[in-house]
Amino acid sequence: MENIKHIHEVIFLIEKNNQQWTPKELIEAIETSWGPDIHFESCSGNAFPKENALDFLINRQKAVLSKEGKVALHHSMQICDGHEGF
């Protein structure tokens, strides 16, 4: 597995396009940005496929789904120290 980015890259992608994508559209945008084989790693170093990125962010209260089913950043979302503007 060589195509790995930090999960914060997905946060920045969501931030640029806040509430514009459905979960499926977010996965498509991730693939367009980094390729079909992209995996993401968390601060703990665990890597996972693009299909799990949104669930990871929702479970850690970094992202939410709006009433309209669009991906948005959680209102209290904070990025771990040292990753701002990653």
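For the structure, see preceding data.
Notes on the structure in this doc start here. (Residues numbered from 1 in each chain as written. Predicted model: local features only at pLDDT ≥ 70, side-chain atom pairs only at ≥ 80, totals over all residues. Heavy atoms only, no water.)

**Focus on the sheet that holds strand E1 (residues 4-6)**
Piece 1. Taken in spatial order, the three strands line up as E1-E2-E3 in an open sheet, and their pairing is mixed. Two strands in the sheet have a free side with no partner beyond their single neighbour: E1 and strand E3 (47-49). Taken pair by pair, the neighbouring strands of this sheet meet at an average axis angle of 35 degrees, ignoring direction.
Piece 2. Relative to strand E2 (residues 39-41), E1 runs parallel, the two sharing three bridges. Its bridge partner being in E2, Lys5 is matched across the sheet by Phe40. (Pairing = 2+ DSSP bridges. Helix = DSSP H or I, 4+ residues; strand = E, 2+ residues; numbered from the N terminus. Axes fitted to C-alpha atoms, helices over the stretch in contact; angles between N-to-C directions.)

**Some words on the nonpolar core**
Piece 1. In terms of nonpolar packing, the biggest core is built from 22 residues, with Ile7, Val10, Leu26, Ile30, Phe40 and Leu57 touching the most fellow members.
Piece 2. Sorting the residues of this core by element identifies helix H1 (8-16), helix H2 (23-34), helix H3 (53-59) and strand E5 (71-73) as the ones contributing at least two each.
Piece 3. Sort the elements by how many residues they give to this core and H2 lands first, with five residues.
Piece 4. For Leu26, the residues in contact, after removing those within four places along its chain, are Leu13, Ile14, Trp21, Leu54 and Val71. (Core = buried A, V, L, I, M, F, W, Y, C linked by side-chain atoms within 4.5 Å. Buried < 20%, exposed > 50% of the residue type's maximum accessible area, 1.4 Å probe, protein only. Contact = heavy atoms within 4.5 Å.)

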